[in-house]
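One letter stands for each residue in the lines below.
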Amino acid sequence: MVRSLVGDRMSLLVQVFATASMSFTLALVITWRLASVIISMQPLLIGCFYGKQVLMKSMSEKARQAQNEGSQLASEAVGSHRTITAFSSQERILRLFAAAMEGPRKESIKQSWLSGFGLFSSEYLSTVSIALSFWKSEIEPDDPKGIKVDMDIKGHIELKNVSFSYPSRPQEIIFKNLDLKIDAGKTVALIGNSGSGKSTIIGLIERFYDPIRGSILIDEVDIKAYNLRSLRSRIALVSQEPTLFAGTIRQNIAYGKEHATESELREAAILANAHEFISSMKEGYETYCGERGVQLSGGQKQRIALARAFLKKPAILLLDEATSALDSVSENLVQKALDEMMVGITCVVVAHRLSTIQKSDTIVVIKDGKVAEHGSHSDLLAVGKGGYYYSLLNLQSNHSLNS
């Protein structure tokens, strides 16, 4: 049994050390800066957990020993209750028991404080290690040297010779020398097969990623030259799955603009066709949305996201399949709100249903990482059966008729 126990412990230690060594080595090879920050926190975390266990074990033993005296006194008192009653010594026994339990009480208080401090330290250090992982971020969100965007930004967008692949899949090239111009104040729809890179263009404009080669210009200035936080304040994004927070409807709409007035909130909700359903709720704008908006339907969440975008009054509006997951009634309401919002601002729409983008100023077909076709709805239809847009429109029309 001893040999088996020692063998089990030794094999566990070898496994732990081998796994930790391989993990640290791979992390340092792949991304040494991030790994260095995370690894530097590990001794503190390990020391915190180990110290807590050792001290808790020691204090638990002291508390147990201190409690033995009180337990022994209580046992004797129960066994000799006739004698205690005969001599009217109940009060004296209770005082002795209270004095005997004073030691365990103090040890338990110490143990509680230590346990609380240990839990706080471990949770705090875990959070700090996560926060530090963002310290060498390649894209600085608030570069003081960056150009601050004013309210007069026009919204002209241009992608010049852009090549891009996701960091997690560097071998899979999404774009190869992509060129795309989006004029200020116009609505441009992006269509193509799944995986063609439509949503990737949205991510590049928001500067969630930087291209491998080429440049992205807004108002003829490279996006890297802007203060990113300032630039994003003039860009609104509405995605297929809008993000709502566990707060009230008012708080979720107000997230689009700091210090928004009540009239601005209501105006944004009216423009997004959301005011009517919000007012019909018992709590109105104070209705709790639930975690990730679970208390609301898909159409309601989408319209709240649109109201948030309206409130922001952006120069550039990015719509990433904003209506594809909705039923026909909700889609009509959301589409009506979008049509009102698109007037006079630069709008980039990623769409699956071609019926929703036929009024766009320009429709761009993305295929194999490049622009295959572009033009208005009538221009692309004029290409005829040889055109990708024409064939895709016929395919969706036939599918709708068969359904």
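Residues numbered from 1 in each chain as written. Predicted model: local features only at pLDDT ≥ 70, side-chain atom pairs only at ≥ 80, totals over all residues. Heavy atoms only, no water.

In its Sequence similarities (unreviewed entry) section, UniProt records this for the protein chain: "Belongs to the ABC transporter superfamily. ABCB family. Multidrug resistance exporter (TC 3.A.1.201) subfamily." (UniProt positions renumbered as here; feature names shortened; annotations may be inferred.)

A. Up close: the overall build of the protein chain. On a plain count of helices and strands, the protein chain comes out with 13 helices and 10 strands. Taking 22 Å as the expected radius of gyration for a compact globule of 403 residues, we find that the protein chain reaches 32 Å, considerably beyond that expectation. Projected onto the principal axes, the alpha-carbon positions of the protein chain cover approximately 110 × 55 × 50 Å. Of all 403 residues assigned to the protein chain, the portion counted as buried reaches 39%. Long-range pairs, those at least 24 residues apart, make up 73% of the contacts in the protein chain with a sequence separation of at least 6. (Helix = DSSP H or I, 4+ residues; strand = E, 2+ residues; numbered from the N terminus. Rg over C-alpha atoms; globule rule 2.2 N^0.38 Å. Buried < 20%, exposed > 50% of the residue type's maximum accessible area, 1.4 Å probe, protein only. Contact = heavy atoms within 4.5 Å.)

B. Structural detail: the nonpolar core. Ile253, Leu317, Leu319, Ile357 and Tyr389 are the most contacted members of the largest nonpolar core, which totals 45 residues. The element contributing the most residues to this core is helix H10 (residues 298-312), with 7 residues. When sequence neighbours within four positions are dropped, the list of residues in contact with Tyr389 reads Ile191, Leu354, Ile357, Gln358, Ile363, Val365, Glu373, His377, Leu380 and Leu381. Val149, Ile201, Ile202 and Leu228 belong to the second-largest nonpolar core, a separate cluster that totals 33 residues. (Core = buried A, V, L, I, M, F, W, Y, C linked by side-chain atoms within 4.5 Å.)

C. Looking closely at the layout of surface pockets. By volume, the largest pocket is sized at about 1100 Å³. Taken together, 29 residues line the largest pocket, and the ones lying closest to its centre are Arg232, Ile235, Tyr255, Gly256 and Lys312. Its residues assigned to classes, the lining of the largest pocket comprises 15 nonpolar, 4 polar and 10 charged. (1 Å grid on protein atoms, 1.4 Å probe; cavity = no way out; pocket = protein on both sides within 12 Å on 5 of 7 lines; lining within 4 Å. Points joined across faces, edges and corners; volume = space filled by probe spheres on them. Nonpolar A, V, L, I, M, F, W, Y, C, P; charged D, E, K, R; others polar.)

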